[in-house]
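Secondary and tertiary structure notes
Take a look at the letters that make up each chain.
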Amino acid sequence: MSDQIKFIVDNLNKEPFRKNYNLITFDSLEPMQLLQVLSDVLAEIDPKQVVDIREEMPEQTAKRMLSLLGILKYKPPGNATDMSNFRQGLVIGSKPVIYPVLHWLLQRTNELKKRAYLARFLIKLEVPSEFLQDETVADTNKQYEDLMEAFKALHKECEQLKTSGFSTAEIRRDISAMEEEKDQLIKRVERLKKRVETVQNHQRMLKIARQLRVEKEREEFLAQQKQEQKNQLFHAVQRLQRIQNQLKSMRHAAADAKPESLMKRLEEEIKFNSYMVTEKFPKELENKKKELHFLQKVVSEPAMGHSDLLELESKINEINTQISQLIEKKMMRNEPIEGKLSLYRQQASIISRKKEVKAEELQEAKEKLANLEREVSAKTNQTREFDGTEVLKGDEFKRYVSKLRSKSTVFKKKHQIIAEFKAEFGLLQRTEELLKQRHENIQHQLQTIEEKKGISGYSYTQEELERVSALKSEVDEVKGRTLDDMSEMVKRLNSLVSEKKSALAPVIKELRQLRQKCQELTQECDEKKSQYDSCAAGLESNRSKLEQEVRGLREECLQDESRYHYTNCMIKNLEVQLRRATDEMKAYVSSDQQEKRKAIREQYTKNIAEQENLGKKLREKQKAVRESHGPNMKQVKMWRDFEQLMECKKQCFLKQQSQTSIGQVIQEGGEDRLIL
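Residues numbered from 1 in each chain as written. Predicted model: local features only at pLDDT ≥ 70, side-chain atom pairs only at ≥ 80, totals over all residues. Heavy atoms only, no water.

It is worth spelling out the packing of helix α3 (residues 31–45) against helix α6 (residues 95–107) at this point. As a packed pair, α3 and α6 sit with axes 11 Å apart at the nearest point and diverge in direction by 20°. By the criterion of interaxial angle, the relationship of α3 to α6 is roughly parallel. The way α3 lies across α6 gives a crossing that is left-handed. Counted together, Leu34, Leu35, Val37, Leu38, Val41, Leu42 and Ile45 of α3 and Lys95, Ile98, Tyr99, Val101, Leu102, Leu105 and Leu106 of α6 form the full contact between these two elements. Classifying every residue of the contact of α3 with α6 gives 13 nonpolar, no polar and one charged. (Axes fitted to C-alpha atoms, helices over the stretch in contact; angles between N-to-C directions. Helix = DSSP H or I, 4+ residues; strand = E, 2+ residues; numbered from the N terminus. Parallel < 35°, antiparallel > 145°, perpendicular 65-115°, else oblique. Left-handed = near helix turned anticlockwise from the far one by under 90°. Contact = heavy atoms within 4.5 Å. Nonpolar A, V, L, I, M, F, W, Y, C, P; charged D, E, K, R; others polar.)

Pasting the structure below:
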């Protein structure tokens, strides 16, 4: 219990509560104050719970807290009887009830904030079935459920983005580094411009250098194009030679073909295909499935950092060492039967590997052969389409090559334009992502502002109200059209009511007799009730006396409990002080100089000596300031007088200059001046 109270006090003293409690003050809180503390903690989790308990009825307070605790899935200890005790204790502010609730709430505040936020949008409103028979109400309920599902999907995407390795800090660092590089490049260009401006004909030289750079780039492009064409020609020659050799071998095989050789070849192909289908392909399929499962597992996990990779590498190294140790232990056993079997196993594994390698080589050769055959057929079809000739020769081949070159240049230009468009598309896509992120941030800020102002969900509810008002206007139009039908329905109902009245006439007569009996019974009930009230009043007086006695005993128990906690805390404080005193005595008595330096007495003496030295220096400084204060003040006064004297001379000179008459001769400094 004491650990629980300590945890509660520590968390209440932190942000955002800042209660400044200790164990004694918190334990001595009254029930209303405890309920207010619980309400403040609930308000931190859900801003709608910001309420002053003194302005609220106890039943409303208990109902509000119980509903929020139910949403947060708090499970009180015990069975149904304990649940009734829990409700009663929550109403009266009992410490054994409120302390576990506070401990549970403060342990998982962030998780409960998220749960309360989701509950605001995911708790479904139960609409009665008779209201759902109306089409407008049913459509509105369906839209409400669809919006709830959409909110769930968006919240999952938001959580996945938060847990993913995408960090804005790294992007900001990259942007700042790129901006620094850009500034450095701009400074370097400006320096080079200043150097070039001092040279004669620098504009002409810059123009020539620009032309030289363009020609070099063009030369590199042409050299690259030439190399590509050489490579294409070389590959085409090699392909032609291979196709010619294959054609010769096929013709030779067709010339010497016999039924027996054909059967052998077919049997080999059947064996190969059966091996591929029964052994190789299932293994490859199983491996691919394992790889796919592993990749899906990797994708589902959050992004890993450098520390996670280091941990995985260390685990892999540990497992490898364990495997090597197990292999060494197995080799140390030297079992003869397993040794003989291992030879056969090795031979079988080597043969199976060779078989797999040869099968792969044969498969690759067949794929190459099929590709070449397709290319040969495509080339023959293309040659037939071009002017109906099989193979181009001489000048026609040169013309065809020139056409290909022109088309290749046009293709490269178009390819360059496409690359520019792709780059522009990437920039636009990035700006779109940034705008989306900004929109999400603005929405999040709007939600936070609404939560701070206590109007969370205002924008969403405003949109919903506009949509519902539009639907209501449509419904009103439909209702206006159906007024005639309703009037006919009213007439039918009136006729039915008259029929029912005629049918209910005998029942009403019986009802009158029953009413007389009911009056007699009510008189008897009133008499019995008066007797019951008198008896209940006596019992209530006895119960009030017993409640007063119980309340007095509870107050005494609470006082004794608070005294116990106070004395317990004082004992702990005295134990800590005693432990510090014993440690100080050990450090002071010990012969080790390092231990003595750790002693508090030594530290305080050292600090006192430092402060005394500092005080001596400050006193000397104060003495010097006092000695020089008088002369310095005299000097300041002399400067002020001198400044006033010079200002006076200036004013006199300006006044004399303004009063001089025209054509007057003034002698100053051995010079004569005539003023016109």
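Right, picking up where we left off after that structure.
Attention shifts here to the pattern of salt bridges. Pairing is possible between side chains that carry opposite charge, provided their charged atoms lie close to one another. Taken as a whole and assessed by the stated rule, the structure comprises 11 salt bridges. Here Glu111 ties to Arg115 by a salt bridge, and the two come within 3.0 Å at their closest N and O atoms. Placement of both Glu111 and Arg115 in helix α7 (residues 109–122) is noted, with a separation of four residues, approximately one turn of the helix. Here Lys436 ties to Glu432 by a salt bridge, and the two come within 3.6 Å at their closest N and O atoms. (Salt bridge = Lys/Arg side-chain N within 4 Å of Asp/Glu carboxyl O.)

Judged by side-chain charge, Glu179, Glu180, Glu181 and Asp183 come together as a negatively charged surface patch. Residue class for Asp183 comes out partly exposed when judged on its relative accessible area of 41%. (Patch = residues over 30% accessible without salt bridge, like charges linked within 9 Å, V, L, I, M, F, W, Y side chains within 5 Å. Areas by Shrake-Rupley, 256 points an atom, 1.4 Å probe, with all protein chains shown as cover. Lys, Arg positive; Asp, Glu negative; His and termini not counted. Charge placed at Lys NZ, Arg CZ, Asp CG, Glu CD. Buried < 20%, exposed > 50% of the residue type's maximum accessible area, 1.4 Å probe, protein only.)

To continue, consider a positive patch on the surface. Taken together, the side chains of Lys187, Arg188, Arg191 and Arg195 make up a positively charged region of the molecular surface. Position of Arg191 among the secondary structure elements: in helix α10 (residues 168–197). Classification of Arg191 as partly exposed rests on a relative accessible area of 49%.

With that out of the way, let us pick up a nonpolar patch on the surface. Among the surface-exposed residues, Leu23, Ile24, Tyr566 and Met570 lie close enough to one another that they form a single nonpolar patch of about 310 Å² accessible area. Relative to the assigned elements, Ile24 resides in helix α2 (residues 23–27). Its relative accessible area of 32% is what places Ile24 among the partly exposed residues.

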